[in-house]
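If you want the building blocks of each chain, they are given just below.
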Amino acid sequence: LAGVLTYHVVPGRLTAKDVVSASWLTTAQGQSLRVLAKGGVVTIDGAKVIATDIETSNGIIHVIDTVVLPRKDIVDTAIDAKSFDTLVTALKAADLVDALRGAGPFTVFAPTDDAFARLPSGALDGLLKNVPALKSVLTFHVVPGRVLSTDLREGTVKVKTLQGSEITVTKGKDGTVTVNGAKVTAADVIAGN
């Protein structure tokens with residue numbers, strides 16, 4: 001319960017103007033709340049702000065219309081999605097689960113089970129038996145920091161991965177995003193880290 005309550009608290013004395021000017025607010029619990037202001041409506045992690053700037057002796061209260069819950073980490077989000085079983089198996093084999101449960105933030109370009117199934121015959125088994133190579137492949141899919149598709153500008157950018165090499169991220173005129181030529185089929189799945 002304490003984690004849920006502290007997820008509703010942002011350290012500092014932030015007015016409604018301060019809140020709206022931010023995209024993310026770090027909570028006392030440690031995760032970040034997403035702030036969206038669109039069409040005169042402000043939401044915090046999807047909860048609508050219904051009253052603002054209520055002054056108290058030790059801070060400011062902004063009223064929202066629902067309880068927001070802390071998000072699961074990247075690994076548990078992948079487990080719950082049910083389409084990343086191979087990725088989770090590979091993370092366990094490479095001893096990267098704890099790293100991706102860490103504070104982050106991370107942006108993961110997560111191959112689905114179908115993507116792993118399209119590897120050449122024997123490639124996945126070979127990687128699962130070669131932990132250094134597996135770690136290299138998996139960390140090549142992770143970028144430090146939180147990057148949403150809406151943060152990307154049209155065009156191409158090179159981004160350094162946790163593995164150390166760069167990937168090429170391209171956002172087309174139609175909004176589609178590719179990473180080293182692979183199409184992003186689902187974007188902006190926000191996890192706790």
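Everything numeric here is computed off the predicted structure, so don't read it as measured data.

This part takes up the overall build of the chain. Each helix and strand counted, the chain has eight helices and eleven strands in total. Across the 193 residues of the chain, 28% fall into the buried class. For the chain, the share of sequence-separated contacts (at least 6 apart) that also reach a separation of at least 24 residues comes to 50%. Accessible area of the chain: about 11,500 Å², with a carbon and sulfur share of 56%.

Attention shifts here to the pattern of salt bridges. Applying the stated criterion across every chain, the model contains five salt bridges. Two residues, R13 and E55, come together in a salt bridge whose shortest N-O distance is 2.7 Å. Here E55 lies in strand 4 (residues 47-56) and R13 lies in the loop between helix 1 (2-6) and helix 2 (16-20), a separation of 42 residues in the sequence. In this structure, the salt-bridge partner of K72 is D80, at a minimum N-O distance of 2.5 Å. K72 gets classed as partly exposed once you look at its relative accessible area, which sits at 47%. D80 gets classed as partly exposed once you look at its relative accessible area, which sits at 41%. It is possible to trace a salt-bridge network through shared partners that takes in D73, D76 and R101.

Right, let's talk about the side chain of T43 for a bit. Looking at the element boundaries, T43 is found in strand 3 (residues 41-44). If we ignore the near neighbours within four places in the chain, the residues touching T43 are R34, V35, L36 and K48.

Moving on to the sheet that holds strand 11 (residues 182-183). Pairing within the open sheet is antiparallel, and its four strands lie in the order 8-9-10-11. Edge strands, defined here as strands with exactly one partner in the open sheet, are strand 8 (155-160) and strand 11. Relative to strand 11, strand 10 (residues 177-179) runs antiparallel, the two being bridged by two bridges. Opposite T178, over in strand 11, you have K183 as the bridge partner.

Further remarks concern the packing of aromatic side chains. Two descriptors summarise a pair of aromatic rings, namely the distance from one centre to the other and the angle between the planes of the rings. A full pass over the atoms with the stated rule returns zero aromatic pairs. Across from the ring centre of W24, 3.8 Å away, lies the NZ or CZ of R146, which sits over that ring.

Moving on to the layout of surface pockets. Approximately 580 Å³ is the volume attributed to the second largest pocket. Only helix 2, strand 3, strand 4 and strand 5 (59-64) provide two or more residues apiece to the lining of the second largest pocket. The element best represented in the lining of the second largest pocket is strand 5, accounting for six residues. Classifying every residue of the lining of the second largest pocket gives 17 nonpolar, seven polar and one charged.

Right, let's get into the nonpolar core. By size, the foremost hydrophobic cluster in this structure holds 19 residues, and its most contacted members are L87, L91, L100, L134 and L138. Within the residue set of this core, elements represented by two or more residues are helix 3 (74-81), helix 4 (85-93), helix 5 (97-100) and helix 8 (131-139). The element best represented in this core is helix 4, accounting for four residues. Not counting residues within four places of it along the chain, the set of residues in contact with L100 comprises D73, I74, V75, L91, F106, V142 and N193. Listed in part, the eleven residues of the second largest apolar core include V19, L25, V35 and A47.

Another point: the side chain of N193. Assignment of secondary structure puts N193 in the segment after strand 11. When its relative accessible area of 9% is taken as the criterion, N193 is described as buried.

What counts and how
Residues numbered from 1 in each chain as written. Predicted model: local features only at pLDDT ≥ 70, side-chain atom pairs only at ≥ 80, totals over all residues. Heavy atoms only, no water. Helix = DSSP H or I, 4+ residues; strand = E, 2+ residues; numbered from the N terminus. Buried < 20%, exposed > 50% of the residue type's maximum accessible area, 1.4 Å probe, protein only. Contact = heavy atoms within 4.5 Å. Areas by Shrake-Rupley, 256 points an atom, 1.4 Å probe, with all protein chains shown as cover. Salt bridge = Lys/Arg side-chain N within 4 Å of Asp/Glu carboxyl O. Pairing = 2+ DSSP bridges. Phe/Tyr/Trp six-rings, centres within 6.5 Å; stacked < 30°, edge-to-face > 60°. Lys NZ or Arg CZ within 6 Å of the ring centre and 35° of its normal. 1 Å grid on protein atoms, 1.4 Å probe; cavity = no way out; pocket = protein on both sides within 12 Å on 5 of 7 lines; lining within 4 Å. Points joined across faces, edges and corners; volume = space filled by probe spheres on them. Nonpolar A, V, L, I, M, F, W, Y, C, P; charged D, E, K, R; others polar. Core = buried A, V, L, I, M, F, W, Y, C linked by side-chain atoms within 4.5 Å.

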